[in-house]
Every structure is written in structure tokens, then in C-alpha cells.
Amino acid sequence: MFKLVGDENFKVGKHQCTISIRPVAGFSYEYSLTVDGKPLEKFVKHQSKISQTWLCFVEGSETRIVLEKDTMNVWCNGQLMETAGEFVDDGTETHFELGKHQGCIRTISSGNKRQGLLHILMIDGNEIPPDTDYQ
């Protein structure tokens, strides 16, 4: 059983979360969620700066691919992928396999100092657009 108002702590993966329920007026309540001590909005904004996310269908099932920009680690549905990186004329390419499919994340300069680097996911040579819910 849970309390009607107050804080409830839980973990999602390695992240510590707290949902807070506060009475506002009468039978109205205000809910807030913090992740690692940050309000959800700030946590999502921070994550979008340090990672790039794509959603695509591979072999008939939805697949989430995440690039950690600082380490260049590639995660597929929560599993760390084995990768091979190489320098190319206009940047770098990080290659990995998704079952029978070839994945490649190209990192190139945007040409704009404020925008920084662009990360482009290719699966079997087809460009996959980034998931805009995590930008």
C-alpha cells in the first residue's frame, strides 16, 4: 500500500528517483518527479546533452540505440554493444552489429560552433532519424 501524500523513493536502473505528492486544495494534488536529485525536466535536458537516442525497427521489433557522446559507447536496448571506431575524411565512424544488420554512427562537424558535432545513425546504409522525444 502507498501513502496518499508524501515522497516515494525507487530506482530505475542506476538512477535514484523520487515521486512527491503534495496536497494543493481540497482533493487536488500536485505531483513531481526527481531523478538523481534533479527535476525530471532538468534530468532529461542533461541526458540530451550527453547522449543521442534513436528508435528504429530491426528484424520486426522496436530497437532503442543510444550513443554516449563522452565515451562513444553504443547501447542497444540497454545492452552495451561491441564497437569498432575509425577515423574517416570528415570525422569518425563507429561500427557495430545488430543481429544480421550493420550499424554505423558517423560523427561529423556541423560547421557551426554552437551546434557542435552531428551524430548520424546508419543501419544497413539507411539513415535513421534521431528520436525527438529525447532531444
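In case you missed it, the structure is sitting above this.
Rules used in this analysis
- Residues numbered from 1 in each chain as written.
- Predicted model: local features only at pLDDT ≥ 70, side-chain atom pairs only at ≥ 80, totals over all residues.
- Heavy atoms only, no water.
- Helix = DSSP H or I, 4+ residues; strand = E, 2+ residues; numbered from the N terminus.
- Buried < 20%, exposed > 50% of the residue type's maximum accessible area, 1.4 Å probe, protein only.
- Contact = heavy atoms within 4.5 Å.
- Salt bridge = Lys/Arg side-chain N within 4 Å of Asp/Glu carboxyl O.
- Pairing = 2+ DSSP bridges.
- Core = buried A, V, L, I, M, F, W, Y, C linked by side-chain atoms within 4.5 Å.

1. Focus on the overall build of the protein chain
A count of helices and strands for the protein chain gives 1 helix and 13 strands. Starting at the N terminus and ending at the C terminus, the protein chain contains elements arranged as β-β-β-β-α-β-β-β-β-β-β-β-β-β. With respect to the three principal axes, the spread of C-alpha positions in the protein chain is 65 × 35 × 20 Å. Per-residue burial over the protein chain gives 27% buried out of 135 residues. The long-range share in the protein chain, meaning contacts at least 24 apart out of those at least 6 apart in sequence, stands at 20%.

2. A word on the pattern of salt bridges
Summed over the entire model, instances satisfying the criterion amount to 4 salt bridges. Between aspartate 90 and arginine 106 there is a salt bridge whose closest N-O contact spans 2.8 Å. Of this pair, aspartate 90 sits in the loop between β9 (84-88) and β10 (91-98) while arginine 106 sits in strand β11 (residues 101-109), and the two are 16 residues apart along the sequence. By relative accessible area, which is 23% here, arginine 106 ends up partly exposed. Each of Asp90, Glu93 and Arg106 takes part in salt bridges that share partners, so that together they form one network.

3. A look at the environment of lysine 69
Along the chain, lysine 69 falls in the loop between β6 (61-68) and β7 (73-76). Under the relative-accessibility criterion, lysine 69 is labelled partly exposed at 29%. Sequence separation between lysine 69 and serine 48 is 21 residues, and the spatial gap between their C-alpha atoms is 9.8 Å. Sequence-distant contacts of lysine 69, defined by excluding residues within four places in its chain, comprise Ser48, Lys49, Ile50, Ser51, Gln52 and His119.

4. Notes on the sheet that holds strand β3 (residues 29-35)
If you walk across this open sheet you meet the 4 strands as β1-β2-β3-β4, and the pairing is antiparallel. Looking at which strands have only one partner, the edges of the open sheet turn out to be β1 (6-12) and β4 (38-39).

5. Describing the nonpolar core
Counting 14 residues, the largest nonpolar core has Trp54, Ile65, Val74, Phe96, Leu98, Ile105 and Leu121 as the members making the most contacts within it. At the level of elements, β5 (51-58), β6, β7, β10 and β12 (117-123) are the ones that each hand at least two residues to this core. With 3 residues, β5 is the largest single contributor of residues to this core. Not counting chain neighbours up to four residues away, the residues in contact with valine 74 comprise Ile65, Val66, Leu67, Gln79, Leu80, Met81, Thr83, Thr94, Phe96 and Ile105.

6. Digging into the sheet that holds strand β8 (residues 79-80)
Strand order across the open sheet formed by 4 strands is β5-β6-β7-β8, with antiparallel pairing between neighbours. In the strand order of this sheet, the two ends are held by β5 and β8, each with one partner. Bridge count between β7 and β8: 2 bridges; the pairing is antiparallel. Within the sheet, the bridge partner assigned to tryptophan 75 lies in β8 and is leucine 80.

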